[in-house]
2 protein chains.
Amino acid sequence: MLSSKARRIFEFIFRFGKEHGFPPTVREIGEEFGLASTNGSRYYLGILERDGYIKRNARISRGMEITESGLRRFSRLYGLDADHSETGIPILGKVAAGAPLLAQEHQEGKLDLDVAFPSRDARFALRVRGDSMKDAGILDGDLVVVRKVDHADSGEIVVALLGEEATVKRLEKRADRVVLHPANAALRPIPVAPADEFRVLGVVIGLVRPSVAGGRMSRR
Amino acid sequence: MLSSKARRIFEFIFRFGKEHGFPPTVREIGEEFGLASTNGSRYYLGILERDGYIKRNARISRGMEITESGLRRFSRLYGLDADHSETGIPILGKVAAGAPLLAQEHQEGKLDLDVAFPSRDARFALRVRGDSMKDAGILDGDLVVVRKVDHADSGEIVVALLGEEATVKRLEKRADRVVLHPANAALRPIPVAPADEFRVLGVVIGLVRPSVAGGRMSRR
DNA sequence: TTGACGACTGCACGCATGTGCACTATTCTC
DNA sequence: GAGAATAGTGCACATGCGTGCAGTCGTCAA
């Protein structure tokens with residue numbers, strides 16, 4: 001059990017790091033808490049390290065680090081602004097008018113790649129080039145997440161190898177041949193002749209659109 | 001445009017921080033890159049600061065910080081790998097014809113939420129309902145990733161609270177008022193009267209489209 | 001051929017910062 | 001009333017670390 005002061009010092013280290021991008025020195029901690037001697041701070045740092053909340057690197061300036069398990073334990077035991085502390089992005093449910101955003105009760109869960117794209121097969125991601133699938137909401141620059149299988153059903157969006165090139169298209173299987181459909185009114189379906197070198201690399205199970213310039217999603 | 005070495009130094013600062021919890025010193029940078037003089041590092045730190053990739057605090061040990069906009073810009077221009085992320089999904093680069101899929105040399109990096117959506121502001125995700133933004137590639141059921149800020153520029157896609165409801169729209173700021181634009185030809189822009197209860201909750205920096213039943217992206 | 005520029009080296013200076021050792025005051029237990 | 005634990009103070013010391021200034025070496029355009 002951490003004393004109230006030890007807790008406040010841990011919180012200070014956490015806040016300081018968020019704000020400045022690096023941890024405080026022993027003197028900065030002492031200043032914050034009115035400790036006249038640097039050993040006042042060191043005393044508490046020793047406690048926090050002993051209990052596994054932080055790790056210290058001897059002789060290195062600002063050489064402390066909040067451990068992941070320490071952060072988790074601290075926020076569980078004593079609470080901490082939960083939003084940024086844990087890895088993962090909170091998924092908000094209903095956002096009521098006056099309610100403070102990010103309030104615990106509105107969280108639906110955490111965004112997690114393994115939850116968002118569950119698969120027992122291997123997965124991989126592929127950056128999409130071009131707008132051939134834009135009517136399916138797959139834009140240039142998107143990363144499609146693919147479940148790696150060599151068999152796909154008609155109607156599924158697949159990543160396929162056609163000749164030398166990997167391409168993302170909707171698959172149509174006919175009795176005699178395969179047709180790849182772009183999702184773009186300007187483009188024609190691509191018939192695949194039996195002689196063509198064609199292989200399904202996987203089925204698209206989702207996508208990630210990474211952030212772009214200035215946090216703005218460009219107009220497309 | 002950053003030189004190759006400046007890029008590698010930025011990446012080193014990024015990796016070092018992730019690994020140790022605090023930034024490197026000028027000497028540690030010099031050691032890593034074989035620079036005999038501390039001013040070798042300072043030269044590059046000056047460049048990185050001048051171009052807005054990092055912020056420095058004079059006279060403070062390890063007093064540098066990767067700026068949020070710098071991180072975003074860097075990862076857009078030059079890419080940033082999640083070094084050794086344990087549970088990531090590999091991002092494939094060029095997929096050559098005969099080459100075995102998932103071969104190491106074809107990997108561009110790992111899919112990592114912190115790299116895909118870098119932000120030092122708090123982030124959250126919100127499930128989109130309806131097709132009002134479908135021409136921007138945002139479909140029903142998508143999770144938009146939002147950087148939580150209360151100010152947004154004209155042209156950005158934002159999450160806003162209008163009355164009781166949270167909505168995703170493109171923001172247009174006019175001299176006298178604000179207009180919210182759907183990205184759907186069937187819908188009209190929404191003018192916001194000054195009297196309306198209106199608040200920007202954040203800026204959309206990306207999205208995640210989770211897989212749906214059976215690993216198939218439904219036809220829309 | 002000169003001179004600007006990029007990419008450094010070398011070095012000393014001086015404050016920043018972690019550390020060791022000695023000591024103190026209060027509280028609690030035995 | 002002794003002893004131990006908690007929560008510090010005070011100070012000197014050695015390094016850590018950012019900074020300033022001067023100088024070098026290759027390249028490339030004028």
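Remember, predicted model here, so these are calculated numbers, not experimental data.

Colleague: How would you summarise the overall build of chain A if you had to cite specific residues and measurements?
Modeller: A tally of regular secondary structure across chain A gives 6 helices and 11 strands. By the burial criterion, 32% of the 220 residues in chain A qualify as buried. In chain A, the proportion of contacts linking residues at least 24 apart, taken out of those at least 6 apart, comes to 44%.

Colleague: Please give an account of the pairing of strand β11 (residues 198-209) of chain B that cites residues and values.
Modeller: Residue and element names in this part refer to chain B. For β11, the tally of buried residues reaches 9 of 12 residues, placing the bulk of the element in the interior. Sheet topology places strand β6 (residues 143-147) next to β11; 5 bridges connect them, and they run antiparallel. When the bridges of β11 are listed, Val 144 appears paired with Leu 207. Alignment of strand β7 (residues 157-162) against β11, held across 5 bridges, turns out to be antiparallel. What sits directly across from Leu 161, in β11, is Arg 199.

Colleague: Describe the protein's contact with DNA strand C, naming the residues involved and giving the relevant values.
Modeller: Taken together, 23 residues form the shell around DNA strand C, and within it Thr 25 and Ala 58 of chain A together with Ala 36, Ser 37 and Gly 40 of chain B come nearest. Within the residue set of the surface near DNA strand C, elements represented by two or more residues are α2 (26-32) and α3 (38-50) of chain A together with α3 (38-50) of chain B. Looking at which element gives the most residues to the surface near DNA strand C, the answer is α3 of chain B, with 4 residues. Split by residue class, the surface near DNA strand C holds 6 nonpolar, 11 polar and 6 charged.

Colleague: Residues and numbers for the protein's contact with DNA strand D, please.
Modeller: As a structural note, the neighbourhood of DNA strand D is formed by 23 residues, with Ala 36, Ser 37 and Gly 40 of chain A together with Thr 25 and Ala 58 of chain B the closest of them. Looking at the surface near DNA strand D, the elements that each hand over two or more residues are α3 of chain A together with α2 (26-32) and α3 of chain B. Taken together, the residues of the surface near DNA strand D break down into 6 nonpolar, 11 polar and 6 charged.

Colleague: Could you give an account of the confidence of the model for chain A, naming the residues involved and the relevant values?
Modeller: Counting all residues, the mean pLDDT for chain A is 82, and 82% of those residues have values of 70 or more. Confidence drops under a pLDDT of 50 for residues 82-86 of chain A, and excluding neighbours within four residues, the segment shows 10 contacts in the predicted structure.

Colleague: If you had to explain the nonpolar core to someone new, which residues and values would you point to?
Modeller: It is characteristic of soluble globular proteins that their nonpolar side chains tend to be buried jointly. Of all hydrophobic cores here, the largest spans 79 residues; its most connected members are Ala 125, Val 144 and Val 146 of chain A together with Ala 125, Val 144 and Val 146 of chain B. Counting 12 residues, the second largest nonpolar core, distinct from the first, contains Phe 14, Leu 45, Tyr 53 and Ile 54 of chain A.

Colleague: Explain the environment of Ser 69 of chain B residue by residue, including any values.
Modeller: The residue Ser 69 of chain B is located in helix α4 (residues 68-77) in this model. For the pair Ser 69 of chain B and Ile 54 of chain B, spaced 15 residues apart in the sequence, the C-alpha separation amounts to 9.2 Å.

Colleague: Which residues make up the packing of helix α1 (residues 4-20) of chain B against α3 of chain B, and what values go with them?
Modeller: All names here are of chain B. Across the interface, α1 lies against α3 with an axial gap of 10 Å and an inter-helix angle of 85°. The angle between α1 and α3 falls in the class roughly perpendicular. Here Lys 5, Ala 6, Ile 9 and Phe 10 of α1 lie close against α3, whose contacting residues are Tyr 44, Ile 47 and Leu 48.

Analysis parameters
- Residues numbered from 1 in each chain as written.
- Chains lettered and ligands numbered in written order.
- Predicted model: local features only at pLDDT ≥ 70, side-chain atom pairs only at ≥ 80, totals over all residues.
- Helix = DSSP H or I, 4+ residues; strand = E, 2+ residues; numbered from the N terminus.
- Buried ≥ 20, exposed ≤ 12 C-beta atoms within 10 Å, placed from the backbone.
- Contact = placed C-beta atoms within 7 Å.
- Pairing = 2+ DSSP bridges.
- Near = placed C-beta within 6 Å.
- Nonpolar A, V, L, I, M, F, W, Y, C, P; charged D, E, K, R; others polar.
- pLDDT = per-residue confidence, 0-100.
- Core = buried A, V, L, I, M, F, W, Y, C linked by C-beta atoms within 7 Å.
- Axes fitted to C-alpha atoms, helices over the stretch in contact; angles between N-to-C directions.
- Parallel < 35°, antiparallel > 145°, perpendicular 65-115°, else oblique.

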